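For reference, the chains in residue letters:
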There are 2 protein chains.
Amino acid sequence: MNPLLDQPIPNLPNLNLPKVVIVGAGFAGLKLARALRNSDFQVILLDKNNYHQFQPLFYQVATAGLEPSAIAFPLRKIFHGTPNVSFRMAEAERVDPVAKRLYTDIGYIDFDFLVLAMGADTNYFGAKNIEYYSSPMKTVSEALYIRNKIISNYERAITISKMEDRKSLMNMVIAGGGPTGVELAGAMAELRNNVFPKDYPELSFKNMKVVLIEAGPSLLAAMSTEAQSHALAYLKELGVEVLLSTKVQDYDGKLVLLEGREPIETQTLLWAAGIKPNRIAGFDQIHYAGNGRMLVNEYNQLFGLESIFVLGDQCLLPGGEFPKGHPQVAQVAIQQAKNLSRNLFRLVNGQELGPFSYKDLGSMATVGRKLAVVDLPFIKFQGFFAWLTWLFVHLMAILGMKNKLFIFLDWSWNYLSFDPSLRLLIKPKYVRASERKELIEEKSS
Amino acid sequence: MNPLLDQPIPNLPNLNLPKVVIVGAGFAGLKLARALRNSDFQVILLDKNNYHQFQPLFYQVATAGLEPSAIAFPLRKIFHGTPNVSFRMAEAERVDPVAKRLYTDIGYIDFDFLVLAMGADTNYFGAKNIEYYSSPMKTVSEALYIRNKIISNYERAITISKMEDRKSLMNMVIAGGGPTGVELAGAMAELRNNVFPKDYPELSFKNMKVVLIEAGPSLLAAMSTEAQSHALAYLKELGVEVLLSTKVQDYDGKLVLLEGREPIETQTLLWAAGIKPNRIAGFDQIHYAGNGRMLVNEYNQLFGLESIFVLGDQCLLPGGEFPKGHPQVAQVAIQQAKNLSRNLFRLVNGQELGPFSYKDLGSMATVGRKLAVVDLPFIKFQGFFAWLTWLFVHLMAILGMKNKLFIFLDWSWNYLSFDPSLRLLIKPKYVRASERKELIEEKSS
């Protein structure tokens, strides 16, 4: 075991206030930490990364429309001038619920209240080959990897003389017809239609496929039938091949095998077909639902553990409107965090807690330039105005004026120029010292 | 040997024009390729990366002021709609000057004219330990690595309880007092003075050192004494410790050993103390000067090989004003490329070639917010107006309206907010398939 675990996390201020430890700075964790700024709680916010990620726009990073920095926000900067909130870049490893202690890779910390907001990761449903060969997109790093992979594939495609051999580098297959899959497929089709032919005049794009595969009978299963049928029509307009009621059987890095259909040649299978909650060690099996989400009451408290809360994608409130858990979307996470922040104040004041109730503000997905589908509680609409709504809502949700401004300019530029400009294959030259030594010796021998 | 070498580079258009093959898309190579757009030459431009890098601003990437994408330009985009120019991302490996054939990792190509514009890389002067442990900054990837390394070090420093142990993570040492070293030192000092104390309120910065080491007796050796003394004064004002006439003796990743001085504890030694020209196989030793640059005549032709030209950092014109070669700066590369483009037209028309003559447009370096030094042929000035001049000149030199606009906004924002916002530790999640398999097996076992 890590020797660091035997010491408390060092250099934390000694505030003599009730300690709220928050694991994860996604929508839920960040919202809660912000709500507790300059309050009578000492907040310790932990995340694996030193930034908050704006998941709804990952697909634009993957398709070269936005820089990672436009949708990633340095956490330390958010908490400038708030001495009651400390951020640590750390990996949470285990909870001791009885001792009220959290173990991390930089030491342990004793909490008065623990909030787990660890989100979800890609679910391959046990398919090892798919996990091995396909590309997930649940972090901004993975989105950047997809961008690099696609550009690499095209640079390779152009060095191959036979059309047949090039196909698998050029075709793109996206598994999962939720918002992520739909948005990725639309953006990829636009790259093929407008950008790649100019970048690679020597390649023929009429045979290049963009395929979207969905196991269920319709796209955007959580949205209205109007949204579903419009999204399908928009994708077809862009030239996306949509295969509904189709399951990916297997994938070997070159050939996507489908149930009852011809296989598809591609070296790019993007997997957006499912998520599963992240886990932390230390809890008995009784705290988990069958799908891995942690069972909480209407205050997001773990059953029987009053000082431990679970938020967002990671939790499940049984017996209510959503037997499998609330939708794993930003709004649920944010609303639960808001409710919990109020309840924490009530808890220390001995007041009665208020239950969480979900207010569905609606959902939306963009399919391409000028095309989106929007379901609001009282109205559903699609097309250009829906796309403007989508732009506006996402721009407002983005953290920080500078990011808002730069994304707005980026979008305007891309819209006017038809040409997202980030087709760069840049990787930080990050080589472990031991490898570098070998490289150097190799070079000089 | 690579089996690919035995085939010609595929998918190149068949234009029946004299073929100019350009190796390297730095200032020289890119300038030449642009000058030959839509001409009666077929141009094949090769580079290891799919983008042109704007070297003068690497230090701003390393210090979180600019995104890599702001100073890297996708090469394919530059050559949209110019069917006589083809770009290939490839590594040039060997020249056969007699057969007029260039071998690369994607195949060979036969040329009528070959232009080597491969630039230079970091020179460690044979010091293996320094090469092993220090960080170079000759590519945008390396600059990004420096940014990630510094942020990692600070995130680690905060998890260490003893002040003594933290020092080596916080101190920064820069070797080399040329423009790169001066600019890095200034920008690092500003991070320490203005940004890090807000990001890491738990750390004490008064003991954190930024040290600039120069082996010669003055900074900015190629500039005027006014520029030198002002740069030194500005750096001291920012709190940089400047050690002149001091050589780095050795470095083990923790301790910088200096001749006749106390060693300095640091895990961050940035090496900007020298460059050496890149090389390609296939030429006899007689073509090289002692410092590794290739000997050319006043037309940038290799001696005895009329169809092969060498430009910029990689070449040396003996017997002139610069016995060790022209200064290795952008202006020389750009002017040589311009002259060569004219000469290529003359060559095919049987006209007499025009010799290269260097017009020194001056040089400048920025030391920090509002401070720079500028030497123009007829006037030298320093301070705020020099800084504005520096901003303007670099903004104009940047390729593309969008990049100009975004960098201008970034600079304005940083200037007004005192807070470069790119303190993100983002790496594309790039793991080789074989490693990923191991990781997955490890996780599930």
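Please refer to the structure higher up on the page.
We now turn to the structure provided with this report. (Residues numbered from 1 in each chain as written. Chains lettered and ligands numbered in written order. Predicted model: local features only at pLDDT ≥ 70, side-chain atom pairs only at ≥ 80, totals over all residues. Heavy atoms only, no water.)

### Description of the pattern of salt bridges
Then, number 1: Applying the stated criterion across every chain yields a total of ten salt bridges over all chains.
Then, number 2: Linking A:R76 and B:E155 is a salt bridge whose minimum nitrogen-to-oxygen distance equals 2.7 Å. Of the two residues, A:R76 sits in helix α3 (residues 75-78) while B:E155 sits in helix α5 (residues 140-157), which places them in two different chains. The residues A:R76 and B:E155 share a single accessibility class, namely buried.
Then, number 3: The shortest N-O distance in the salt bridge between B:R88 and A:E202 comes to 3.3 Å. Within this pair, whereas B:R88 is found in strand β5 (residues 85-89), its partner A:E202 is found in the loop between α7 (179-199) and β13 (210-213), the two belonging to separate chains.
Then, number 4: When its relative accessible area of 0% is taken as the criterion, B:R88 is described as buried. (Salt bridge = Lys/Arg side-chain N within 4 Å of Asp/Glu carboxyl O. Helix = DSSP H or I, 4+ residues; strand = E, 2+ residues; numbered from the N terminus. Buried < 20%, exposed > 50% of the residue type's maximum accessible area, 1.4 Å probe, protein only.)

### What to know about the pairing of strand β7 (residues 101-104) of chain A
Residue and element names in this part refer to chain A.
Then, number 1: Direction of pairing for strand β6 (residues 92-96) relative to β7: antiparallel, over a ladder of four bridges. Across the sheet, the residue bridging to A92 is T104, located in β7.
Then, number 2: Hairpin connection between β6 and β7: a loop of four residues separates the two successive antiparallel strands, and K100 in this loop has a positive phi of roughly 55°.
Then, number 3: Where β7 and strand β8 (residues 107-110) come together, four bridges link them in antiparallel fashion. Along β8, the bridge assignment pairs L102 with I109.
Then, number 4: Connecting the antiparallel pair β7 and β8 is a turn made up of two residues. (Pairing = 2+ DSSP bridges.)

### Examining helix α11 (residues 401-417) of chain B
In an α-helix, one turn spans 3.6 residues; hence positions three or four apart end up facing the same way.
Then, number 1: In a regular helix each residue adds 1.5 Å, so 17 residues correspond to 24 Å; α11(B) covers 24 Å between its end C-alpha atoms and thus fits that length.
Then, number 2: Every buried residue of α11(B) is accounted for by B:K402, B:N403, B:K404, B:F406, B:I407, B:D410, B:W411 and B:N414. (Expected span 1.5 Å × (residues − 1).)

### Let's talk about the packing of helix α1 (residues 27-35) of chain B against helix α9 (residues 330-348) of chain B
All names here are of chain B.
Then, number 1: At a closest axis distance of 8 Å, the pairing of α1 and α9 adopts a crossing angle of 30°. The element α1 and its partner α9 pack so that their crossing is right-handed. In this structure, α1 contributes F27, A28, K31, L32 and A35 to the contact, and α9 contributes A330, A333, I334, A337, K338, L340, S341 and L344.
Then, number 2: Here the residues of the contact of α1 with α9 are counted per class, giving ten nonpolar, one polar and two charged. (Axes fitted to C-alpha atoms, helices over the stretch in contact; angles between N-to-C directions. Left-handed = near helix turned anticlockwise from the far one by under 90°. Contact = heavy atoms within 4.5 Å. Nonpolar A, V, L, I, M, F, W, Y, C, P; charged D, E, K, R; others polar.)

Read these as layout, nothing more, since geometry by itself doesn't imply function.
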